[in-house]
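Observations on chain architecture
Each chain, written out:
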Amino acid sequence: MDELDLLKKDWKKNGDKYPKISEKEIYAMLHKKSSSIVKWILIISILEFIFWVGLTFLLKDSPGSKKFESFNIDHITIPLTIGSYLIIGYFTYLFYMNYRKITTTDNVKNLMSSILKTRKTVSSYIFVNLAYFIITSAIILIVTFNKDGDMISLVNKMEAEGKAGMVYLIYILGAIIIIGLLVVLIWLFYRLIYGLLLKRLLRNYNELKKIDF
Amino acid sequence: MSLELEKSFVQQLQENQNLIHKICRLYTNGEDAHKDLFQEITIQLWKAYPQFRGDSKFTTWAYRVALNTAITLYRKKTKTINTIEFDNKLHKIDQDEYNYEEEEHIKLLYKAVQQLNDIEKALVFMYLEDKDYSEIAETLGITEVNARVKMNRIKGKLKNILNP
């Protein structure tokens, strides 16, 4: 007899050996909070959206950007602003559509792939934002060096001492450090999500793909 | 959700709870983890219940949600609990029907199944529940041929675990 068929025999008569859970206990369970990974992924994803959207608005209202507006460079700032709204709108829509597809009545492989797709939307959003942030920082630096009166006089003053290069270097280094900090933050989020939440899912997903090569 | 819906859900789950216990048994070790997974499956079933049309049996509908929860949604707690005591509790049977040798062998079989990975456990579960290969394949989202091939490999793997 096959090992599994032997187990099947026991499996079938095993019914009464489990502790019976009463209706009252089941009622109580219904009102407990779920700790599913989908819930955690949703919470973390929303936090990420809030962080980036918050950052976008914070930078828009900062004194620096008010000064920026006085440079009369609407042809640069308006497309950038519209771009940032489009990015938020597009990814929020995509995230919502993908999230809706996650259903526990789906088959195992589809469920996993829906979760991964939803998560991927957030990752893409972050990468696009990072690219946007780097491009905007570069534009801000270029505009500041060319249009900002204080900056021009500072550069001129330093140039007289032969140290104009220092000014450029400090500002560019500053921008790189800020972007570097952001990258570290994003990397930490990644470790959290892929390490703690998705490790098992990815392993199982790969196992299914391996069976169904 | 209405109270009536809640009542019918609780009743059906209570009557068919063995199905959930069986899945918990395969995917967890220890009483706490078993209860924890049972609770998460209950929550997920309840969330999905409004879509349950009643044109299939409650168990047929429930086992898929339960498997999905065990394999994908459930987040294992890091602490591990002593398993032996719980296993013994599950296997406590009347003295007169106690067949020591067979009982020990079954215990070893369960231990061997617990060493399989999550997907393999799902296949074993459905096999033990007498699901046919077309249903096993559909539930996992793989082809029927590959489900059969994998099942045969699992049988081989279990033999190897039991007779190293």
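Residues numbered from 1 in each chain as written. Chains lettered and ligands numbered in written order. Predicted model: local features only at pLDDT ≥ 70, side-chain atom pairs only at ≥ 80, totals over all residues.

Examining the packing of helix 3 (residues 37-61) of chain A against helix 6 (residues 108-147) of chain A
All names here are of chain A. For clarity, the cut-off: Orientation is described by axes fitted as lines to C-alpha atoms, over the contacting stretch for helices, and by angles from 0 to 180 degrees between their N-to-C directions. Segments assigned H or I by DSSP are reported as helices when at least four residues long, segments assigned E as strands when at least two residues long, and all are numbered from the N terminus. Here roughly perpendicular refers to angles of 65 to 115 degrees, roughly parallel to angles under 35, roughly antiparallel to angles over 145, and oblique to all remaining angles. Helix crossings fall into two classes, left-handed where the near helix is turned counterclockwise from the far one by less than a right angle and right-handed where it is turned clockwise. Contact between residues is assigned whenever the C-beta positions, reconstructed from backbone atoms, fall within 7 Å. Note on residue categories: nonpolar means Ala, Val, Leu, Ile, Met, Phe, Trp, Tyr, Cys or Pro, charged means Asp, Glu, Lys or Arg, and polar means any other residue, Gly included.
Running from N to C, helix 3 and helix 6 cross one another at 15°; their axes reach a closest spacing of 11 Å. Comparing the axis directions of helix 3 and helix 6 gives the class roughly parallel. In the packing of helix 3 onto helix 6, the handedness of the crossing is left-handed. Here Val-38, Ile-41, Ser-45, Glu-48 and Trp-52 of helix 3 lie close against helix 6, whose contacting residues are Ile-115, Thr-118, Arg-119, Val-122, Ile-126 and Asn-129. For the contact of helix 3 with helix 6, the per-class residue count stands at six nonpolar, three polar and two charged.

Quick word on the packing of helix 3 of chain A against helix 8 (residues 164-197) of chain A
Residue and element names in this part refer to chain A. With their axes 11 Å apart at the nearest point, helix 3 and helix 8 run at an angle of 175° to one another. When the axes of helix 3 and helix 8 are compared, the pair comes out roughly antiparallel. Packed against helix 3, whose contacting residues are Ile-37, Trp-40, Ile-41, Ile-44 and Glu-48, the element helix 8 presents Phe-189, Ile-193 and Leu-197 at the interface. Grouping the constituent residues of the contact of helix 3 with helix 8 by class yields seven nonpolar, no polar and one charged.

Side note on the domain arrangement of chain B
Many descriptions give the size of an interface as the accessible area lost when the pieces come together. All names here are of chain B. Here is the rule: Here the limits of each domain have been adopted from an automatic or database domain assignment.
On domain assignment, one finds that chain B holds domain 1 (1-82) and domain 2 (91-164). Contacts between the two partners involve seven residues from domain 1 and, on the opposite side, seven residues from domain 2. When the residues that make up the side of domain 1 that touches domain 2 are grouped by side-chain class, the tally is five nonpolar, one polar and one charged.

Let's talk about helix 8 of chain A
Rules: In a helix, the anticipated span is given by 1.5 Å times the number of residues less one. The burial criterion counts other C-beta atoms lying within 10 Å of a residue's C-beta, which is placed from the backbone; the residue is buried at 20 or more, exposed at 12 or fewer, and partly exposed between these limits.
Taking 1.5 Å per residue as the helical rise, helix 8 of chain A with its 34 residues ought to reach 50 Å, and the 49 Å between its terminal C-alpha atoms agrees with that figure. Little of helix 8 of chain A is tucked away: one of the 34 residues are buried.

Description of the interface of chain B and chain A
Counting from both sides, the interface comprises 49 residues of chain B and, opposite them, 38 residues of chain A. Elements represented by at least two residues in the side of chain B that touches chain A include exactly helix 1 (3-15), helix 2 (17-27), helix 3 (31-48), helix 4 (58-73), helix 6 (100-114), helix 7 (118-128), helix 8 (133-140) and helix 9 (144-162) of chain B. The greatest single-element share of the side of chain B that touches chain A, amounting to eight residues, is contributed by helix 4 of chain B. Of the residues that constitute the side of chain B that touches chain A, the class distribution is 22 nonpolar, 18 polar and nine charged.

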